[in-house]
Structures are given as C-alpha cells and as structure tokens.
Amino acid sequence: MDLENKNKDHKSKSGNFKLPKLPIKLPKLPIKLPKPPPPPTHLGDVELPKTLMYLLPIGGLFTLAFVGAIGSFIITAWWGQPIPVLGFEQTFDQPINFPHTVHASTKQLDYKDADGNVMVGLGTDCTFCHRTVNKNTAAGANAYIPPVNFCANCHGVIGSEDNVQLNILRDAAGIIGDDGTSPINWRRVHRLPDHVRFVHEPHIRYLSANPEHIKGETDGVSTGPSAVCSTCHGNVASMEKVYQVEPLKMRQCVDCHRDNGAPTDCATCHH
Amino acid sequence: MTTDVEKFGTRNWGMIADLDKCTGCQACVLACQAENNIPINTEDRVERARSISWIRVERYWEGDFPDTKARFIPIMCQHCENAPCEPVCPVYASYHNSEGLNVQVYNRCVGTRYCANACPYIVRFFNYWDPVWPESLRNHLNPDVTIRSRGIMEKCSFCIQRINRTSRKAKSEGRELEDGEIQTACSAACGTHGIVFGDLNDPESRVSKLRNHKRAFTLLEQFGTDPNVIYLAKIDPNKKGSEEGHH
C-alpha cells in the first residue's frame, strides 16, 4: 500500500515535472522596451487589407537586411578592401588587355604563339617598363606607365599583324591607320588614399637591402628591384588583369614603418 | 637600416635672415608663392585682409625726415620651439616634429583658426575660398605640394618637400647631407644670399655659426617662443648703436 502510494506520488510528481530554473538570472533591462504599435487597420476611412499585417514585417526585415548590407560594406571597406560589387572591383577592363604574364612572368603560359608552340613568359624586369619607379625624381613618385612609343619599339615588329589588341596599340602609336598618334587612357588600379606623398624609391632601396622583409612571391624575375614589388603589389607577374592585392591603407603603412624602424612622423608622408 | 631612424630627429632645421642683405625685392615672396602652390592674392582678397603669403616682406621707416631709412624684414613662420599655435589645436593638426619643424597636417585640420589667433607673428593663413588659378597656370603647380582646399589653415613649412627630397637623395646615394644642400624656395631665390637654411644642431653648419653672431636676434623675444628663425640686425654705418636690433 505504502509502496503503491509512493509509486503514485512519484508518478504524480513526474507528471508535474517543471524545468529547472536557469542558474543565471538575466538582469532586467534598465529601460522598458516600448511595445510595437499594432499594425494599422485603416488609412483614413479606407480599410486596409489584412495581408498588410504580414507584408509590413517582411518589409521591415528587408529594410534591415538592406541597411545591414550597406553597413557591412562600409565596415569592410573601412578596414580593408571593399567587397567587389557595383564598380568597387579592384580591377578594370583596360583599353588594351595587357597581360603582365606574357611580359613579366618566367613560367609557362596558356598562350600559344603563331607556330602553335607553348609560350613562356618573357621575364622582363619591372623597371624595364616602369622606368621611374626606382628613381629619386619628382616623377619617381609614381611608377609611370611607358609612353605608347616605348611599347611600339618592340610591338612594331613583334606579334601577329592580326592581333586585335596589338593593333589598338599600333594604331595609337601611328604605325597603322592614318589618324596620327594618341595616348592610351589606361585606368589606374592602385590608388593611395588622399593626402599621401608616396615615393617608391626609398621603399625599393630599403627592401632591396633587407630582403627578409619582402612579402609575397613573384612568378617573375626575383632579383633586382623586381623582387620587392610583391610586398605591396602581390604577384603581378601572374596576373592577366592587374588587381589591387593589399588594401594600402594608412594602418598598413604605419605598421610596416614601425616594424622596419622607418620614421612615423606625420610629415614623412603628409605635407 | 637603423641609421635612418637614428638620423631622423637629430636635426633641427633653422633659418638665418640677414636684414643687412635684404633689399626688399620680394623675390622670396614670389618664389614661395610659386613653390608652394599658394593661390593668387587677387584685389578683393587683399581688400578683405584675407590674402595668403607664407613669407612677406614688411617695410618700416627708421629715423626722422629727412634722414629716413626704409627697412625691410622678411617674416615667415618662425617654427618656434615653444609654439603658441600648437597647444591650442584641438585636433593636433599643428604639432612639432622631432626635426624642429612646426608641421601643419592638412588632413587633420578642421579649420578652427585657433592657431592663427594664437600666433603672434601673423604667419598662419586660413583658406576662406577654394584656391583657383587661371587656366594658363594650371600646369605650373608644384606636384610635390598639397593644394590646400577651403577651410583649412596653412603656413610656411620650411619647404618640407625640398627637405624630404634632398634627404632622400642623399640617403639613396649613401652619404650624409651636406650643409647648404637643402635650399628652401626663399633662400634659393634670395639675390643677396641673405637667407640661409640649415641644421642648427650641427655646430659646423652656417646657420649655427651665424646664430651666435652679435647681430643675431629673434622676433618678439619677450614672448619666449624660441623661434628657429634668427635675424641678423641691419648695420647702419651712419648711426652708432643701431647694430642691436630694435625688435
């Protein structure tokens, strides 16, 4: 009897089983959250359809998602490179599809020459074309892009006559066509933030003297000034279309200057 | 390359302006205007006392008629060691770097104009308008100098672009900077070589030697700003006792 009663008691207890209380007490919010207003049923005298009650929160969710997307875009663009959408890509279609692989790489390429042989990159030094980059001149601030005539020195002869891309160059250099010479409007890929005075020369000089600080690898020649470019520009020799690899923000500049004992005085770059 | 760091901050740039050599020709003013992309001071800007000139030649008269003498004194940013403009800036746009320069960081400046009010030498200028140049002068602008937009303060930088460029050149050639190698625009343009620029920390430099000249004085010494621009007083052969400056 007692046993049965006990069993019954046990059963009745298990029937009213309650969840154990959480070990942590959640603190109460210091402010009272306002209750969301009831969805509108009337607009003036017109009764709104009941489906609106479901549509409104969906619209709200969409708005949240939209704002969140824009917010995350701004945050990523602030800390690094922007998400490559809506023209924020780090690469562009250039007037001529100039392949850095053919000129700078030292490896085998996907291209085949006129005779059907597999091409190997030319392995040109970066400074062969970007001549001012390691010069300490006012123009040396930029790694300049060579004038059309410089390209035409080789491509007046080298390359098939049916090559469409090369013919754009030859036309611009005045070799074919009769409209004279015209510069090519290359689009700039690497652009530093405003108010920065960046000169390549001291950076190339320092990294050439201290090769242990060079970052990245290159498919191109790995001696001379070309060996150091990958630190900021990535493996350009492997790029069909050049794109920006590093965000090139002030944080990156200052970090590297600190690591390498370069001056971090404002007037070093901003003047 | 620790030598670079050790070298940075050991210098103290300074300037000597010999008033005895100054003829008031304003070549320095013009050179500065061209070097530093200073907008042209049109008539209406001057009328409103909003003209910008990083260096100006002030003229004053000495003596009574008929023995009046015209005196000239070029005034640029004095790059004070105790600069009154620096502590008043709320955004640290005006600060003193370790090479003795009073640097204006344009991208920090928000245009409160506190510094211009604090400066006793009136050498800081506010951009009330966006700078404009006639079309013919567009390609004459110096690419090494920032064009200051509307709403920020600017002043003489001791031609910091020239300092940086020349130091860089010396470093890439693996040698020390020579005294007198760095020329500011005004010192290069001065026809009588009255403006000397150099390192005050180097005891062998020309500026250090001229600094201890008996004619040396600084502007508004009583304010204790300790300028890095030192003037040499005018010598007047007809007047005794005028060898000491009146400022």
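Scroll up to find the structure this text is about.
Residues numbered from 1 in each chain as written. Chains lettered and ligands numbered in written order. Predicted model: local features only at pLDDT ≥ 70, side-chain atom pairs only at ≥ 80, totals over all residues. Heavy atoms only, no water.

1. Here's the deal with the overall build of chain A
For chain A, the count of helices and strands is 10 helices and 4 strands. Rg of the C-alpha trace for chain A: 33 Å, well past the compact-globule value of 18 Å for 271 residues, more than 25% over. Out of the 271 residues belonging to chain A, those deemed buried represent 25%. Across chain A, the fraction of contacts at a sequence separation of at least 24, relative to all contacts at a separation of at least 6, is 47%. Of the accessible surface of chain A, which amounts to about 19,800 Å², a share of 63% is contributed by carbon and sulfur atoms. Between the mean site of the 26 positive side-chain charges and the mean site of the 26 negative ones, chain A shows a separation of 19 Å. (Helix = DSSP H or I, 4+ residues; strand = E, 2+ residues; numbered from the N terminus. Rg over C-alpha atoms; globule rule 2.2 N^0.38 Å. Buried < 20%, exposed > 50% of the residue type's maximum accessible area, 1.4 Å probe, protein only. Contact = heavy atoms within 4.5 Å. Areas by Shrake-Rupley, 256 points an atom, 1.4 Å probe, with all protein chains shown as cover. Lys, Arg positive; Asp, Glu negative; His and termini not counted. Charge placed at Lys NZ, Arg CZ, Asp CG, Glu CD.)

2. Comments concerning the interface of chain A and chain B
At the junction of the two partners, chain A supplies 19 residues and chain B supplies 22 residues. Between chain A and chain B the total buried area reaches about 1,900 Å² when both faces are included, carbon and sulfur atoms providing 57% of it. Where chain A packs against chain B, one counts 12 residue pairs in polar contact (both at pLDDT 80 or more). Sorting the residues of the side of chain A that touches chain B by element identifies helix 7 (200-209) and helix 10 (266-269) of chain A as the ones contributing at least two each. (Buried area = accessible area lost by both parts, 1.4 Å probe. Polar contact = N/O pair within 3.5 Å; in protein donor to acceptor, adjacent residues only side chain to side chain.)

3. With respect to the sheet that holds strand 8 (residues 195-199) of chain B
All names here are of chain B. Spatially, the 4 strands line up as an open sheet ordered 8-1-10-9, and their pairing is mixed. In this open sheet, the two strands that pair with only one neighbour each are strand 8 and strand 9 (216-217). One ladder, built from 4 bridges, connects strand 1 (residues 13-18) with strand 10 (residues 229-232); its direction is parallel. Bridge pairing in strand 10 places Ala17 opposite Tyr231. (Pairing = 2+ DSSP bridges.)

4. Let's talk about empty space enclosed by the protein
A full pass over the atoms with the stated rule returns 6 cavities of 30 Å³ or more. Quantified by volume, the largest cavity comes out at close to 130 Å³. In terms of lining, the largest cavity is formed by 15 residues, of which the most central are His271 of chain A together with Gln104, Tyr106, Ser157 and Ile160 of chain B. In terms of residues, the lining of the largest cavity owes the most to one element, strand 5 (residues 102-104) of chain B, which gives 3 residues. Residues of the lining of the largest cavity, tallied by class, amount to 7 nonpolar, 7 polar and 1 charged. (1 Å grid on protein atoms, 1.4 Å probe; cavity = no way out; pocket = protein on both sides within 12 Å on 5 of 7 lines; lining within 4 Å. Points joined across faces, edges and corners; volume = space filled by probe spheres on them. Nonpolar A, V, L, I, M, F, W, Y, C, P; charged D, E, K, R; others polar.)

5. A look at the pattern of salt bridges
Evaluated as defined, the whole model comprises 15 salt bridges over all chains. A salt bridge links Arg205 of chain A to Glu201 of chain A, with the shortest nitrogen-to-oxygen separation between them at 3.2 Å. Placement of both Arg205 of chain A and Glu201 of chain A in helix 7 is noted, with a separation of 4 residues, approximately one turn of the helix. The exposure class assigned to Glu201 of chain A is buried, which follows from its relative accessible area of 6%. A salt bridge links Glu154 of chain B to Arg148 of chain B, with the nearest nitrogen and oxygen atoms 2.9 Å apart. For the pair formed by Glu154 of chain B and Arg148 of chain B, the shared burial category is buried. Taken together, the shared-partner salt bridges in this structure form one network comprising Glu173, Arg175, Glu178 and Glu181 of chain B. (Salt bridge = Lys/Arg side-chain N within 4 Å of Asp/Glu carboxyl O.)

6. Examining the environment of Asn201 of chain B
Residue and element names in this part refer to chain B. Within the element layout of this structure, Asn201 appears in the loop between strand 8 and helix 7 (206-211). For the pair formed by Asn201 and Thr10, sequence separation is 191 residues and the distance between their alpha carbons is 7.4 Å. Setting aside residues no more than four positions away along its own chain, Asn201 makes contact with Thr10, Arg11 and Asn12.

7. Focus: the pairing of strand 1 of chain B
Residues and elements named next belong to chain B. Buried residues dominate strand 1, accounting for 6 of its 6 residues. Residues Trp13, Met15 and Ala17 of strand 1 are buried on one face, and the alternating residues Gly14, Ile16 and Asp18, pointing to the opposite face, are buried as well. Bridging between strand 1 and strand 8 involves 5 bridges; their strand directions are antiparallel. By the bridge assignment for strand 8, Met15 is matched with Phe197.

Purely geometric stuff here, so don't read any function into it on its own.
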